[in-house]
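# Summary of the model geometry
For reference, the chains in residue letters:
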Amino acid sequence: MESTKLGRTSRRTWFVAIGSAVGALPLLYALQKYISPLSIDHARTETIGALDEVIADGSRRELHVAGMNVLLARRGLDVVAIDLTCTHAACPLHVDESAGRIRCGCHGGVFDLEGRVVQAPPTEPLRRIEARVTNGVLYLRIPSGGTA
Ligand code: FES
């Protein structure tokens, strides 16, 4: 009888402890966001310009924006933006449109035009930059410092 009562007390204590811990998570998250400068999103949105003036539908072009080179590709109102910085050791990349490749002169890394690795040493695909078209204007969300 006594052991059953102790078991209930112990179970209740565990429920209260777990409930308190779960309830405190949002507060701890908010506190961490407030305290830690590393968690602040330093990215900024750059206005690139009228979409039709920046890039024709169905085409690709390179663009230098906010200290970084970006490859834009447009299909209709969808725009993909790829950071032309090699993911191996951050060298600048060269777009070879006729071969459908993006090449790195530093160590011979090769990517396809979607940014996927074709030839090592890079192992990571090229970074995508968030692109948005609103009311016919293209915006890019540039990470802090331009490059990762
Ligand atoms: S920096 Fe591009 S392959 Fe090494």
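Residues numbered from 1 in each chain as written. Predicted model: local features only at pLDDT ≥ 70, side-chain atom pairs only at ≥ 80, totals over all residues. Heavy atoms only, no water.

### Topic: the nonpolar core
What counts is decided by this rule: Within this scheme, the nonpolar core is defined by two criteria: the residues are buried Ala, Val, Leu, Ile, Met, Phe, Trp, Tyr or Cys, and they are joined through side-chain atoms within 4.5 Å. Note on classification: 1.4 Å probe, protein chains only; a residue is buried when its accessible area is under 20% of the maximum for its type, exposed when over 50%, partly exposed between these limits. Between two residues, a contact is recorded if the distance between any of their heavy atoms is within 4.5 Å.
The biggest cluster of nonpolar side chains holds 15 residues, and the ones touching the most others in it are Ile48, Val65, Val70, Leu72, Leu138 and Leu140. For Leu72, the residues in contact, after removing those within four places along its chain, are Val54, Ile55, Ser59, Arg60, Arg61, Leu63, Val79, Val80, Ala81, Leu138 and Leu140. The next biggest cluster of nonpolar side chains, apart from the first, holds 12 residues, and it includes Leu84, Leu93, Leu113 and Leu126.

### Quick look at the sheet that holds strand β7 (residues 110-112)
Counted only if it meets this: Pairing between two strands is assigned when DSSP locates at least 2 bridges connecting them. For helices the rule is a DSSP run of H or I covering at least 4 residues; for strands it is a run of E covering at least 2, with both sets numbered from the N terminus onward. Orientation is described by axes fitted as lines to C-alpha atoms, over the contacting stretch for helices, and by angles from 0 to 180 degrees between their N-to-C directions.
Pairing in this open sheet of 4 strands is antiparallel, and the strands run β5-β6-β7-β8 from one edge to the other. Each end of this open sheet is capped by a strand with a single partner; those strands are β5 (93-96) and β8 (117-119). Between one strand axis and the next, the sheet turns by 30 degrees as a mean value, whatever way the strands run. In terms of strand pairing, β5 meets strand β6 (residues 101-104) through 4 bridges, oriented antiparallel. By the bridge assignment, Asp96 is partnered in β6 with Arg101.

### Considerations on the packing of aromatic side chains
Working definition: an aromatic ring pair is given by the centre-to-centre distance plus the angle between the planes. What counts here: Ring geometry is summarised as follows: Phe, Tyr and Trp rings, the Trp one being its six-membered ring, pair when their centres sit within 6.5 Å, and such pairs are stacked at plane angles under 30 degrees, edge-to-face over 60 and tilted between the two. Note on geometry: a ring has a charge over it if NZ (lysine) or CZ (arginine) is within 6 Å of the ring centre and within 35 degrees of the ring normal.
The tally for this structure, following the rule as stated, stands at 0 aromatic pairs. Directly above the aromatic system of Tyr139 lies the positively charged group of Arg132, at a separation of 4.6 Å from the ring centroid.

### Re the sheet that holds strand β2 (residues 60-65)
Note on sheets: strands pair through backbone hydrogen bonds, and any given pair is parallel or antiparallel. Taken together, 6 strands build an open sheet; the order of strands is β1-β10-β9-β4-β3-β2 and the sheet is antiparallel. Only two strands of the sheet have a single neighbouring strand rather than two, namely β1 (44-50) and β2. Direction aside, neighbouring strands of the sheet carry axes that sit 30 degrees apart on average.

### Overview of the environment of Leu77
Assignment of secondary structure puts Leu77 in the loop between β3 (68-75) and β4 (78-83). Since its relative accessible area comes to 62%, Leu77 is described here as exposed. Considering only alpha carbons, one finds Leu77 and Leu138, 61 residues apart in sequence, at a separation of 9.4 Å. Excluding residues that lie within four positions of it along the chain, Leu77 makes contacts with Leu51 and Val133.

### What about unusual backbone geometry?
The bulk of non-glycine residues show a negative phi, and the bulk of peptide bonds are trans. Each neighbour pair has its own omega, and for Ala120 with Pro121 the value is 25 degrees, a cis peptide bond. Structurally, Pro121 is set in the loop between β8 and β9 (128-134). The backbone of Ala66 shows a phi angle near 50 degrees, a positive value even though the residue is not glycine. One can find Ala66 in the loop between β2 and β3. In this structure Ala66 comes out as partly exposed when scored by relative accessible area, which is 29%.

### What to know about the state of the cysteines
Selection rule: Counting rule for disulfides: a pair of cysteine sulfur atoms within 2.5 Å.
Using the criterion set out here, one finds 1 disulfide in the structure. Residue Cys91 pairs covalently with Cys106 via a disulfide, S to S 1.9 Å. Around the S-S axis, the bridge from Cys91 to Cys106 shows a dihedral of about -95 degrees and counts as left-handed. Placement of Cys91 in the loop between β4 and β5 and of Cys106 in the loop between β6 and β7 is noted, with a sequence separation of 15 residues between them. When its relative accessible area of 13% is taken as the criterion, Cys91 is described as buried.

### Looking at the environment of Ser98
Formally: By the criterion applied in these results, polar contacts are pairs of N or O atoms within 3.5 Å in which, for protein atoms, one can donate a hydrogen and the other can accept it, and in which residues neighboring in sequence qualify only through two side-chain atoms.
Tracing the sequence through the fold places Ser98 in the loop between β5 and β6. The exposure class assigned to Ser98 is exposed, which follows from its relative accessible area of 75%. A distance of 3.1 Å separates a polar atom in the side chain of Ser98 from a polar atom in the side chain of Asp96.

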